[in-house]
Amino acid sequence: MTDAVIVGGGLAGLAAAVAVARAGLDTIHLVPKGPPDRRTSALMLPSVEYLQSAGLVTEPASIGHPLTQIRIIDMTPRLIRAPETLFDSAEIGLSAFGWNFPNVKLAEAFEAARSGLPRLRTIETTLDDLSIGDDSSTLKLGNGETLTAALVVGADGKKSRVRESAGFRARENGFTQAALVCDLGLERPIGGASIEFHYENGPFTLVPAGGNRANLVWIDERDTLKAVQEGSKEQMAALFREKSQRLFGAIELLTPAHMFLLSTLSVDIAGKDGVVLVGESAHAFPPIGAQGLNLGLRDVADLAASLAATDLGQPGFARRVSEDYARRRAGDLARTGVVVDTLFRSLLADFLPAQAMRAGGLWALKLLPPLRKAAFDVGMGVR
Ligand SMILES: Cc1cc2nc3c(=O)[nH]c(=O)nc-3n(C[C@H](O)[C@H](O)[C@H](O)COP(=O)(O)OP(=O)(O)OC[C@H]3O[C@@H](n4cnc5c(N)ncnc54)[C@H](O)[C@@H]3O)c2cc1C
C-alpha cells in the first residue's frame, strides 16, 4: 500500500503532487499523456507568492508578465451602459496585481520541482476505477495495474473519475457560450494592462504577454466562435482588430485559436473518506475574473496545511486529512463560486434590471473607495 495517489497531471495535480510528497508521504502520481495546455493563467499576487514559497516557481519574471492594470470597456448597445472602469495596482500600493503565465511554462516549472522529489513516482496512465474502503482505497489503472492507497487526491478535472467514484455530490451547469483563446501580436504595445471589451455575449479580453504580445480570451456563443475559428488567419486578425476597437493597430495571430466549452461546477464538500478534490474536479467557472487556477492553488495550499496539521504516522491519517481539508476549503469555495457566477450572469444578462444593476455596480466601483477596496480583495483572492 502506498501513502498517497494523485490523479491528474494538470497544473492542480502537479502542484498537489509536489505538496503531498514534500509532506513526507510516499506518493504516486497518475499522469496520462495529453496535448499541451495552450491556455494562459493570470495569477494574482497571493497565488504567485504561494508558488514561490512552495518552490514551484522561483522567478516569475522569467516565465510570465506582470499585470498592472485592468481596464473594462462596455461595448454593449444596451440602454443602460456602464462607465469605462480602470483598476490600477498602484491604487493599493502594489507594483502589479499578479502575473500572466503561459500554462505550458507553469507546467514545466512544476515538473522541474516534482522531478527532484525522492518519495514521488509518476506513472503515465489513467485511473479507470476507484473503490473506497475503511482505511484505504483501491485504484484500477488504465495500464492494468491495481494500487491501494491511504489518501487519494482527485486532480482529474471537470469530468473527474475520482469525484464520481467516491460519491461526491456535484452540480454542473453548461452554458451555450465558449471561450476562444490564442496568442496575438499587436502593432502597438499593450504594456501591463489587461483590457476587457464587454460585448453583449461576453467579454473580449486581451491579457498582456510581454511587449507587443497579448493573449486573447474571447467569450461568446459557441456557434459564433466556431464560425470564427473556421475562418482564415487573416479574417480572424481583421475581426480581432475591430473587436479591440483598433486600439492596438494591426493584429497578427501567433498561434492557432483553441476553443473551450464553458460550464460551472461545484461540490458540497471537497474532502471525505480519505479522498480530497483539488482544482477543476472540485470547481469550474467561466474564465471571468481569473479565478479558476487561483482557486486551484488555494486548494493545494490548504491541502499542504491539512497535511502539516495531521499526524501522518497514525493509522487513519487520510480520513483526518480529508475532513480537515473539507473544513478549510468550505468558505472559499462557496464564496468564489457565488462571486464568479453572479459576475458571469450579470455580464450576459440582457434584461433591463440586470443591465441597470451592472452599470450601477460599475459606477459604484468607479466612485466608492470602500467598494473598490472590496472588489480588489475579492479579485486578488484575499482571505
Ligand atoms: C479559456 C480559459 C482561460 C483561463 N484563464 C485563467 C486565468 O487567467 N486564471 C486562472 O486562475 N484560471 C484560468 N482558467 C482556469 C484554469 O485554466 C483551470 O482552472 C486550471 O487549468 C485547471 O487545472 P486542473 O489541473 O484542475 O484541471 P485540468 O487542466 O483539466 O487537468 C486535469 C488533468 O486530469 C487528467 N485526467 C482526466 N481524467 C483522468 C483519469 N481518469 N485518470 C488520470 N488522469 C485524468 C487530464 O488528462 C488532465 O491532465 C482559464 C480557463 C479557461 C478555459
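Look a little higher up for the structure.
Cut-offs used in this document
- Within any chain, residue numbers begin from 1 and follow the written order of that chain's sequence.
- This being a predicted model, a pLDDT of at least 70 is required before a residue's local features are given, and a value of 80 or more before pairs of side-chain atoms are given or counted; all residues contribute to the totals for chains, interfaces and linings.
- Side-chain measures here rest on the full set of heavy atoms in the structure, leaving out hydrogens and waters.
- Secondary structure elements follow DSSP: runs of H or I no shorter than four residues count as helices, runs of E no shorter than two count as strands, and numbering proceeds from the N terminus.
- Two residues form a contact once any of their heavy atoms are found within 4.5 Å.
- Here the open area of atoms and residues is found with the Shrake-Rupley method and a 1.4 Å probe, where only the protein chains shown may cover a residue.
- Remark: exposure states derive from per-residue accessible area (1.4 Å probe, protein chains only) relative to the maximum for the residue type, with buried under 20%, exposed over 50%, and partly exposed in between.
- Working definition of a nonpolar core: buried Ala, Val, Leu, Ile, Met, Phe, Trp, Tyr and Cys residues. They are joined through side-chain atoms within 4.5 Å.
- Note on handedness: a crossover is taken as right-handed if, strands pointing away from the viewer, the path from the first strand over the helix to the second is clockwise.
- Two strands form a pair only when DSSP identifies at least two bridges running between them.
- Definition of nearness: a residue and a molecule or strand are near each other if at least one heavy atom of the residue lies within 4 Å of the molecule or strand.
- Within 3.5 Å is the distance limit for a polar contact, defined as a pair of N or O atoms, with the added protein rule that one can donate a hydrogen and the other accept it, and that residues adjacent in sequence qualify only through two side-chain atoms.
- Just so you know the grouping, Ala, Val, Leu, Ile, Met, Phe, Trp, Tyr, Cys and Pro go in nonpolar, Asp, Glu, Lys and Arg go in charged, and all remaining residues, Gly too, go in polar.

Q: Help me understand the overall build of the chain, please; the structure alone is not making it clear to me.
A: A tally of regular secondary structure across the chain gives 11 helices and 20 strands. Once local pairs closer than 6 in sequence are excluded, the contacts in the chain between residues at least 24 apart make up 71%. Put simply, the chain shows about 16,600 Å² of open surface, and 55% of that area lies on carbon and sulfur atoms.

Q: What exactly am I supposed to notice about helix H2 (residues 45-53) here?
A: One full turn of an α-helix is made of 3.6 residues, so residues set three or four places apart face in the same direction. For H2, the complete set of buried residues consists of Leu45, Ser47, Val48, Tyr50 and Leu51. Gly55 occupies a position one or two residues after H2 and carries a positive phi of about 70 degrees.

Q: Where do I start with the nonpolar core in this structure?
A: Across soluble globular proteins, nonpolar side chains show a tendency to be buried alongside one another. In this structure, Leu51, Leu56, Leu106, Phe110, Leu151, Val153 and Leu303 are the most contacted members of the largest nonpolar core, which totals 51 residues. It is helix H1 (residues 11-22) that contributes the most residues to this core, 10 residues altogether. Sequence-distant contacts of Phe110, that is, excluding residues within four places in its chain, are made with Leu11, Leu14, Ala15, Val18, Leu51, Leu56 and Val57. Among the nonpolar cores identified, the runner-up in size contains 25 residues, and Leu180, Ala193, Tyr199 and Leu225 belong to it.

Q: Can you help me understand the pairing of strand S2 (residues 27-30) in this one?
A: The side-chain alternation of S2 yields two buried faces, one formed by Thr27 and His29 and the other by Ile28 and Leu30. In terms of handedness, the path from strand S1 (residues 2-7) via H1 over to S2 forms a crossover that is right-handed. Bridge count between S2 and strand S8 (residues 120-123): 4 bridges; the pairing is parallel. By the bridge assignment, His29 is partnered in S8 with Thr122.

Q: Would you take a moment to explain the site of the ligand for this structure?
A: In the neighbourhood of the ligand, 29 residues make up the surrounding shell, with Ala42, Leu127, Glu280, Leu293 and Asn294 lying closest. Note that an oxygen atom of the ligand is positioned 3.1 Å from one of the backbone N or O atoms of Ala12. Between the ligand and Leu293 there is a distance of 2.8 Å, counted from an oxygen atom to a backbone nitrogen or oxygen. Notes on the ligand: free accessible area 1,000 Å², of which the protein chains cover 83%. Elements represented by at least two residues in the shell around the ligand include exactly H1, strand S3 (40-44), strand S12 (170-186) and helix H8 (292-308). Taken together, the residues that form the shell around the ligand break down as 14 nonpolar, 11 polar and 4 charged.

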